[in-house]
Structures are given as structure tokens and as C-alpha cells.
Amino acid sequence: MRTIVAGNWKMHKDRIEAADLIAAVIAGADAWSPSVDVVVAPPFPFLAEAVERARGTRLVVAAQNCHEAAHGAYTGEVSVAMLSSIGVGACIVGHSERRQYFGETDAAVGRKIAALLSANIMPIYCCGEVLDEREQGRHFEVVARQMDEAFRELDVSAIARTVIAYEPVWAIGTGRTATPDQAQEIHAFIRGQLVGRIGDAGREVPLLYGGSCKPDNAGGLFGRSDINGGLIGGAALDATQFTALITIAGEVMN
Ligand code: PEP
């Protein structure tokens, strides 16, 4: 099972800051455990430069979104072919902020996953419930429905090549984290859904936890059996914290 530590920079950093952060992350690469894959997702304008800086290193550069169509009159959008042409290796899809502010649906996310895989770009599919749903005990049902809709049109091999990030919306950017038990419980549920859908291949799909994951809480989360790394927001904006998370992943998951 691969372990992945992925940083989502969201709409932060200017060009110089982005270059500095990439350089600082790469500076620690000699110490990365061979079993940890490291991914950063800068904003679109900085992707090409990030790919150039990451060339020859183990750092994978990801986009934060893409459009499902190959090309066309979609002002403001970016296709997977465009991402592929500059060497982007992964792409986050279905992030809760895109669902909340831009109306992204699981059906559209499913089409984005198919497009990404056709371009050999690794999709990082985000799912997770909002606070009300958690408080009503509906988190299992919500995540099952999200996966069902996103994966409906995908075949076994496509789902097997997709990374899943469980991100409880109530924990994103709030400083509130799912406890290791809460996270493991729903990750095990997601694993069960995957195995039900695609059989044993579902046991090999990396399941990342996201939501206020920091160096001081990552050890408890990453150590659990169905948590194969993290999708990191705030702590990915700081090279020291992000590097600490990579180190913790390497130590805890070996
Ligand atoms: C995220 O937005 O994917 C995320 C996990 O953010 P944070 O770590 O800041 O909660």
C-alpha cells in the first residue's frame, strides 16, 4: 500500500512565495521515506514552474481542479490535456470547497476522474460529510452516496487507480480534527464500500484523511490501519510543518 502526503495550497501564495515553498519542500527530500509519495497542489498559474522545479525529484505536482471536457468554450476552465502537457501528475477533484462554492456534483466529479485517468493523471477524489450530517449520524450514508454517484460510470480499473481523501467538512480549516477512532471508523467503511464495488483491488486504494491534520495530531491518524496518509491544507503552506508530516508518515506507516 502506498502512503501519500499531499498538500493543497488552495488560493494562497504568489509566484515568489510558491517557488520558495516548493524549494523548501524539495530541500528535505533526501530524508523522505521511500514508502511515502509526496504531492503538492499549487494554484494553476504556478503549476508549470512547480513541475520544472520538481523535475528529477520525487515530488509530484498536482492541480486543484480540472474540467472534464477535452477542450471547448468553457471560459476559465482547464482541461486534463493542458495539465498533462505541462507534466502535472495528479489532480484533486470534488473538494468540499468546490462542492460548496462552485456547485461541483459527484456526477461531474466522476467524469473528471475518467478524463484524468485517460491522461494518466492520478485523481485525488474528496468526499465527506458536513457537521449537521455528522451530528445526525448520517456520515456513513452521505459518504456512501457520494462515492456511489462519483463512481457510477467508472469501471473497476478506474476506481482502483483513484486515491480517495475522506475530509469531514467540519474539520477543514477549523482546527477541529476527527479523532483517530472517528477517522479509522469511516475509513474502514469506505474500504468496505470499495471492496464491495471492485473486490480485492479496493484494498489497495490509498485512503487519505483530510481536515486540520497537523504534526501534533498526525501520528495518531496516520498510524491507523485504513488511513494511508493525508490531504493537508493549512499545514502544507509551511515547509517545516509539511516536512514534519512527511516524516511522521514515514515513521508511523512503515
Ligand atoms: C483541505 O482543505 O483539504 C484541508 C484538509 O484543509 P486543512 O488541513 O486546512 O483543514
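Thresholds, definitions, all that
Residues numbered from 1 in each chain as written. Predicted model: local features only at pLDDT ≥ 70, side-chain atom pairs only at ≥ 80, totals over all residues. Heavy atoms only, no water. Helix = DSSP H or I, 4+ residues; strand = E, 2+ residues; numbered from the N terminus. Rg over C-alpha atoms; globule rule 2.2 N^0.38 Å. Buried < 20%, exposed > 50% of the residue type's maximum accessible area, 1.4 Å probe, protein only. Areas by Shrake-Rupley, 256 points an atom, 1.4 Å probe, with all protein chains shown as cover. Lys, Arg positive; Asp, Glu negative; His and termini not counted. Charge placed at Lys NZ, Arg CZ, Asp CG, Glu CD. Axes fitted to C-alpha atoms, helices over the stretch in contact; angles between N-to-C directions. Parallel < 35°, antiparallel > 145°, perpendicular 65-115°, else oblique. Left-handed = near helix turned anticlockwise from the far one by under 90°. Contact = heavy atoms within 4.5 Å. Nonpolar A, V, L, I, M, F, W, Y, C, P; charged D, E, K, R; others polar. Core = buried A, V, L, I, M, F, W, Y, C linked by side-chain atoms within 4.5 Å. Near = heavy atom within 4 Å. Polar contact = N/O pair within 3.5 Å; in protein donor to acceptor, adjacent residues only side chain to side chain.

Scanning the protein for helices and strands turns up eleven helices and eight strands. Its C-alpha radius of gyration of 17 Å places the protein within 12% of the 18 Å reference for a compact globule of 254 residues. For the protein, with 254 residues in total, the buried portion stands at 52%. Carbon and sulfur atoms form 52% of the exposed surface of the protein, whose accessible area is close to 10,900 Å². Within the protein, one finds 22 positive and 30 negative side-chain charges whose respective centroids are separated by 2 Å.

Running from N to C, helix 5 (residues 106–118) and helix 7 (residues 139–151) point in directions that differ by 50°, and their axes come no closer than 7 Å. On the basis of the axis angle, helix 5 is oblique to helix 7. Along this stretch, helix 5 crosses helix 7, giving a crossing that reads as right-handed. Judged by residue contacts, Asp106, Ala107, Gly110 and Ile113 of helix 5 engage Gln146, Glu149, Ala150 and Phe151 from helix 7.

Where helix 7 contacts helix 9 (residues 180–198), the axes come no closer than 11 Å and their chain directions differ by 35°. Handedness of the helix 7/helix 9 crossing: right-handed. In this structure, helix 7 uses His139, Phe140, Val143, Ala144, Met147, Asp148 and Phe151 to contact helix 9, whose residues at the interface are Glu185, Ile186, Phe189, Ile190, Gln193, Leu194 and Arg197. In terms of residue class, the contact of helix 7 with helix 9 is built from nine nonpolar, two polar and three charged.

In this section: the nonpolar core. Counting 69 residues, the largest nonpolar core has Tyr125, Phe151, Ile164 and Ile190 as the members making the most contacts within it. Looking at this core, the element that brings in the most residues is helix 11 (residues 239–252), giving six residues. Among the nonpolar cores identified, the runner-up in size contains 14 residues, and Ile4, Ile124, Cys126 and Ala165 belong to it.

If you check the shell around the ligand, you find 14 residues, and the closest are Lys10, His95, Glu167, Gly173 and Ser212. Lys10 is positioned with one of its side-chain polar atoms (N or O) 2.5 Å from an oxygen atom of the ligand. Contacts to the ligand include Gly233, whose backbone N or O atom sits 2.9 Å from an oxygen atom. In the complex, 97% of the free accessible area of the ligand, which totals 290 Å², lies under the protein chains. Grouping the constituent residues of the shell around the ligand by class yields four nonpolar, eight polar and two charged.

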